[in-house]
Amino acid sequence: MDSPADVVRRFYDCMQARDWSGAGACLSSEVHIEYSATGEVFDGERFLQMNRDYEEGWTIHVIDVIAVGDRAASQVRVDVDSAREWCLGFYTVRDGVITDGMEHWVTEGSVQAPEWRAPYRTR
């Protein structure tokens, strides 16, 4: 059986390929995914359908996936037209499928750094 890291990486690879059936095979039918930034929760097929319906023009780059036990963490960059999004996701994988996850999304450059940290910056 694939490791949790393999399952999460395969999920993102299928998403990039727009292989919706392959992506769906990586998800439990009762998957529960939360987005921390917006407080949204997506269950089951609705999570996959939401991604399927997202407007084209995005490219997924899996930077890293690591796993301990049945938990996997991923760092993913998504180029969307001229923007760059980052997702740090934490997932539970059981019986070869993702059963739940928490995704933390941020748009690169969308938050201004506080001025008090300026003396500590290297860039």
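See above for the structure.
Residues numbered from 1 in each chain as written. Predicted model: local features only at pLDDT ≥ 70, side-chain atom pairs only at ≥ 80, totals over all residues. Heavy atoms only, no water.

Undergrad: Could you clarify how one ought to interpret the overall build of the protein in this entry?
TA: When its secondary structure is counted, the protein shows 3 helices and 6 strands. Helices (α) and strands (β) of the protein occur, in sequence order from the N terminus, as α-α-β-β-α-β-β-β-β. Counting only C-alpha atoms and orienting by the principal axes, one finds that the protein spans roughly 50 × 35 × 25 Å. The contacts of the protein with a sequence gap of at least 6 include a subset with a gap of at least 24, amounting to 43%. With the model as given, the accessible surface of the protein reaches about 7,600 Å², and the carbon-plus-sulfur share is 51%. With 12 positive and 22 negative side-chain charges, the protein shows a spacing of 6 Å between the two charge centroids. (Helix = DSSP H or I, 4+ residues; strand = E, 2+ residues; numbered from the N terminus. Contact = heavy atoms within 4.5 Å. Areas by Shrake-Rupley, 256 points an atom, 1.4 Å probe, with all protein chains shown as cover. Lys, Arg positive; Asp, Glu negative; His and termini not counted. Charge placed at Lys NZ, Arg CZ, Asp CG, Glu CD.)

Undergrad: Looking at this structure, how should I read the pairing of strand β5 (residues 83-94)?
TA: Remember that side chains alternate between the two faces of the sheet whenever the strand is regular. Of the pairings in the sheet, the one linking strand β4 (residues 71-80) to β5 comprises 10 bridges and is antiparallel in character. Its bridge partner lying in β5, V76 is registered against C87. Here 10 bridges tie β5 to strand β6 (residues 97-107), and the two strands are oriented antiparallel to one another. In the sheet register, V93 faces β6, and the bridge partner there is I98. (Pairing = 2+ DSSP bridges.)

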